[in-house]
Amino acid sequence: MPMFGRDTELKELSALVDNPGDRSGFLIEGEPGIGKSTLVEAAVAVATGLRVLRTVGLEAEHGLAYAGLHRLLYPLRREFQALPARQFDALTTALGMSDSTEEPSPHLVGLAALTVLADAAFERPLLLVAEDVHWLDPASAEVLAFVVRRIESEPVAVLATLRDGTGSPLREAGLTALRLRPLPQDEANALLDSVVPELPVQVRRRVLAEAHGNPLALTELPTAATDLAEPVMMLPLTERLERAFSARGATLPEPTRAALLVAALNDSDSITETLTAAGIVQGSPATAEILTPAVTAHLIDIASGAVAFRHPLVRSALVASATAEQRRRAHLALAETLAESPDRQVWHRAAGVAGADEDVATALEQAAERSRHRGGAIAALERAAALSATPGRRADRLLRAAELAVDSGQRKTVERLVDTARTLPLTSGQQATANWILSGFEDGMRENPSHIGELAALAASVAADGYTDSALRILWGAAMRCYWSEPGPDIRRAVLAVADTFGVPDGDPRKLAVDSIVAPFERGEQVLGHLRVLAATTGRDPEVDHLLSSAAHQVGAFDLSVHFATAAAAGFRSSGRLGLLTRALAIQARGLVRVGDLATAAPIAAESAAFALETQQTFMHASVVAIQAEIAALRGDYPQAAALATDAERVGLAAGSRPVLGKVLLTRGLIALGEGRFDDAFTDLARLHDPRDPSYSLSTRVLPRRTRRGRGPRRADRCPARPASRRGAGGRVHVVARPAHRVALRPGGTGG
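Now for a description of the structure that goes with this document. (Residues numbered from 1 in each chain as written. Predicted model: local features only at pLDDT ≥ 70, side-chain atom pairs only at ≥ 80, totals over all residues. Heavy atoms only, no water.)

Each helix and strand in the chain was counted, giving 35 helices and nine strands. When burial is assessed residue by residue, the chain has 56% of its 752 residues classed as buried. Partitioning the intrachain contacts of the chain with sequence separation of at least 6 by distance along the chain shows that 67% fall at a separation of at least 24. When the accessible surface of the chain is totalled, it reaches about 30,800 Å², and 52% of it is carbon and sulfur. (Helix = DSSP H or I, 4+ residues; strand = E, 2+ residues; numbered from the N terminus. Buried < 20%, exposed > 50% of the residue type's maximum accessible area, 1.4 Å probe, protein only. Contact = heavy atoms within 4.5 Å. Areas by Shrake-Rupley, 256 points an atom, 1.4 Å probe, with all protein chains shown as cover.)

What follows is the structure, encoded as structure tokens:
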């Protein structure tokens, strides 16, 4: 059938497949039935010189980690052997092609997918097709977005489709948005003529009016218009189409309808699984002939040896029109069929039970432990919570899911899970856990500074109940709010006083981290002494390394902060904890800038900024952009430095983020110094020392000193941070930082 009204869009897609690599690709958006898949097929048809790899999001597979990636990369499985060892292990584990039970690093899985695709594209350009990405499992969607962001120089083109009103990581991956609008009236008439040229005038008018230019509606509603009642025709278009498909399915023989429901609920297109489960439902073996009436009715296609629904709405219509008992029986039949695939089986068991079932909940919990992606583990734990037999078990599972969401940077998910848990009767331990989980998102910039004192009081109360670990985590949240905002000396002293009552050793990494942020000058030398001892212990626990890197940076021990942050980043990267990896990389980059290694700092800062966007950490992104601005200023690229500083300032001002604004002022001071505008430099840098200024923060406080000669460095870009004494010297501009280091800019210096 010819395509109508999409000449402009097809021209765009043809240009893409003619020259893959010129741009990443297109994200085709629109309502159901608007023609997204048809347009993709037209593009595939003209991509004669490209190898086409495909995947599709299925609602039934949404909880199966890397299911979509498996479908995309399986044709390239023989190429996996050429991967570096760690990438090979990560990818084969993610795709269930190894015996490993460890959770693979999403970062390594993404790198492996990128490597495999780039190598394949070197042999022959690739077209990657990902349909219904809103239903892709989160792990696959994240990997695909990771790949899309990094293929701009490769001969790889991407076409993805997304339904209106849904979201996907691919929306922010750099694909060009291509929105499909309803067909114009003349094109709608032409399409209708091609489908049913003899349609009675009255029915024709009704179909045109109800279809609103939707191609699928124009194709399907003519046969349904005389069967569907007027009230049904007034429903939203998607629901009308589902009713049309349901009406067509209702005319099929009962065994066929049962088999179709099994196929619609299955998380695989395997015809063998469908027929086996259908046989269980009807009590006797089923053969492929049972599906023939559905093929004749144009609801499915089985020519490829798999069950392929003509449109996703066919699948959803069949599920929606079935009774709860019919769906339950189909799920249980599939569960019986999938005895050799426990992680798939448990989801069908869960869908097939009514009410609480602790056995199934425990199986889901075990599946969460085996999950190869945190998103899948969170979903499994949340479903397990819903099936829990007691409120206590339900709360435990909800809070465990929330903990995993914190590590993944999913703030909204965390808040939803904790809010749900708090509707239950919680033990004091569970309440303590809920409190520290919510404090795990440490910015607090939208809050009144008085909330810091409230968090400190809460931490004291939790500690008094015997939950010191949870109390320290809550206090860490209070400390981080002291970093992002400025509560004043009284609140800082209150936080410090609470920390001192916990009875933990002064060398405890958690205590060091709190002390360094809350009282960097008062406790700096003490913290520094412990850090020097702990420097030999890195690599055991990335969370500990992260705390120590933060502590080192706060007291100015930048060489140690780089040491600890490097270890933390490696640990977070290998475990796929991208939210924490973003922060570790940021500390690593800041420390490298301070010790003068700009060449190493720049790519680390760029990676941190990219991960901050991917994990939706807006404030961290602004902070890292401010670091990039400082790097540009020190390199002498003042226009770039100014532009980056403005970008960071925009977020910093809106959020009241003092460290971000402080880094912006430092960058502008460096620019002014490099351009010989020493009075301007002094004005900018002096503001950092004024407690009344919105950029004032102990974390970035510096003390500018005018030179006695009134001259600044001729080449500020050659003057990276370096240790210096407190005493000023002629011809120097000192930027005095925290206890361990002082930053000095020397005229004409090389920063050697």
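Once that is clear, we can look at the environment of A188. For A188, the location among the structural elements is in helix 7 (residues 185–195). Considered as a pair, A188 and G213 are 25 residues apart in the sequence and their alpha carbons are 5.7 Å apart. Sequence-distant contacts of A188, that is, excluding residues within four places in its chain, are made with L183, L208 and L218.

Quick look at the packing of helix 12 (residues 254–265) against helix 16 (residues 324–337) now. With their axes 9 Å apart at the nearest point, helix 12 and helix 16 run at an angle of 65° to one another. In terms of orientation, helix 12 lies roughly perpendicular with respect to helix 16. Remark: the crossing between helix 12 and helix 16 carries right-handed chirality. On helix 16, the residues touching L261, V262 and L265 of helix 12 are Q326, R327, A330, H331 and L334. Classifying every residue of the contact of helix 12 with helix 16 by side-chain character gives five nonpolar, two polar and one charged. (Axes fitted to C-alpha atoms, helices over the stretch in contact; angles between N-to-C directions. Parallel < 35°, antiparallel > 145°, perpendicular 65-115°, else oblique. Left-handed = near helix turned anticlockwise from the far one by under 90°. Nonpolar A, V, L, I, M, F, W, Y, C, P; charged D, E, K, R; others polar.)

We now examine the sheet that holds strand 4 (residues 156–163). The five strands are arranged 2-3-4-1-5 in an open sheet whose pairing can be described as parallel. Taken across any chain shown, the strands that pair with only one partner, and hence form the sheet edges, are strand 2 (51–56) and strand 5 (176–179). Strand-to-strand twist in this sheet, taken as the mean axis angle between neighbours without regard to direction, amounts to 20°. Each of strand 1 (25–30), strand 3 (126–131), strand 4 and strand 5 touches helix 1 (residues 7–18); the most contacted strand, strand 1, lies at about 155° to it. (Pairing = 2+ DSSP bridges.)

Further remarks concern the environment of A259. By secondary structure assignment, the location of A259 is in helix 12. Classification of A259 by relative accessible area gives buried; the value is 0%. Along the chain, A259 and G279 lie 20 residues apart, while their C-alpha atoms are 8.3 Å from each other. In contact with A259, not counting residues within four places along its chain, are T274, A278, I290 and L291.

So, on to the pairing of strand 4. Extensive coverage of strand 4 is indicated by the burial of eight of its eight residues. Alternating residues of strand 4 divide into V156, V158, A160 and L162 and A157, L159, T161 and R163, and every residue in both groups is buried. Note: strand 1 against strand 4, six bridges, orientation parallel. Directly across from F26, in strand 4, lies its bridge partner L159. Sheet topology places strand 3 next to strand 4; five bridges connect them, and they run parallel. Directly across from A130, in strand 4, lies its bridge partner A160. Regarding the hand of the β-α-β motif, the stretch spanning strand 3, helix 6 (residues 138–148) and strand 4 is right-handed. (Right-handed = clockwise from strand over helix to strand, strands pointing away.)

Next up on the list: the pairing of strand 1. For strand 1, the buried fraction is high: six of the six residues fall into the buried class. When strand 1 meets strand 5, the two strands line up parallel, connected through four bridges. Each residue of the ladder has a partner; that of F26, found in strand 5, is T176.

With that settled, the discussion passes to the packing of helix 33 (residues 638–655) against helix 34 (residues 658–674). Two packed helices can be described by the angle between their axes and the distance between those axes. Taken N-terminus to C-terminus, the directions of helix 33 and helix 34 make an angle of 160°; their axes are 9 Å apart at the nearest point. When the axis of helix 33 is compared with that of helix 34, the two are roughly antiparallel. In the packing of helix 33 onto helix 34, the handedness of the crossing is left-handed. On helix 34, the residues that touch Y638, A641, A642, A645, T646, A648, E649, G652 and L653 of helix 33 are V660, L661, V664, T667, R668, L670, I671 and G674.

Before going further, it helps to spend a moment on the pattern of salt bridges. As enumerated under the stated definition, the model contains 35 salt bridges in all. Here R397 ties to E358 by a salt bridge, and the two come within 2.7 Å at their closest N and O atoms. Placement of the pair is R397 in helix 20 (residues 391–408) and E358 in helix 18 (residues 358–370), with a sequence separation of 39 residues. The class for E358 is partly exposed, based on a relative accessible area of 25%. Overlapping salt bridges bring together E358, E365, R393, D396 and R397 as one network. (Salt bridge = Lys/Arg side-chain N within 4 Å of Asp/Glu carboxyl O.)

Now for the packing of aromatic side chains. Scanning all chains against the criterion turns up one aromatic pair. The ring centre of F146 lies 3.7 Å from the NZ or CZ of R150, which sits over that ring. (Phe/Tyr/Trp six-rings, centres within 6.5 Å; stacked < 30°, edge-to-face > 60°. Lys NZ or Arg CZ within 6 Å of the ring centre and 35° of its normal.)

Turning our eyes to something else, we now look at unusual backbone geometry. Phi angles above zero are rare outside glycine, and Y66 is one such case at about 65°. Here Y66 shows up in the loop between strand 2 and helix 3 (67–73). Look at D132: it is not a glycine, yet its phi comes out positive at around 50°. Note on placement: D132 falls in the loop between strand 3 and helix 6.

Mapping S140 onto the fold places it in helix 6. Each residue touching S140, except ones within four places of it in the same chain, is listed here: Y66, A67, G68 and L69.

This brings us to helix 2 (residues 36–46). Within helix 2, the full set of buried residues consists of K36, L39, V40, A42, A43 and V44. Packing partners of the buried residues in helix 2 comprise helix 1, strand 1, strand 2, strand 3, strand 4 and strand 5.

A rise of 1.5 Å per residue sets the reference length of helix 16, with its 14 residues, at 20 Å; its end C-alpha atoms lie 20 Å apart and thus fit the reference within 8%. Looking at the buried residues of helix 16, the elements they touch are helix 12, helix 13 (271–282) and helix 17 (342–351). (Expected span 1.5 Å × (residues − 1).)

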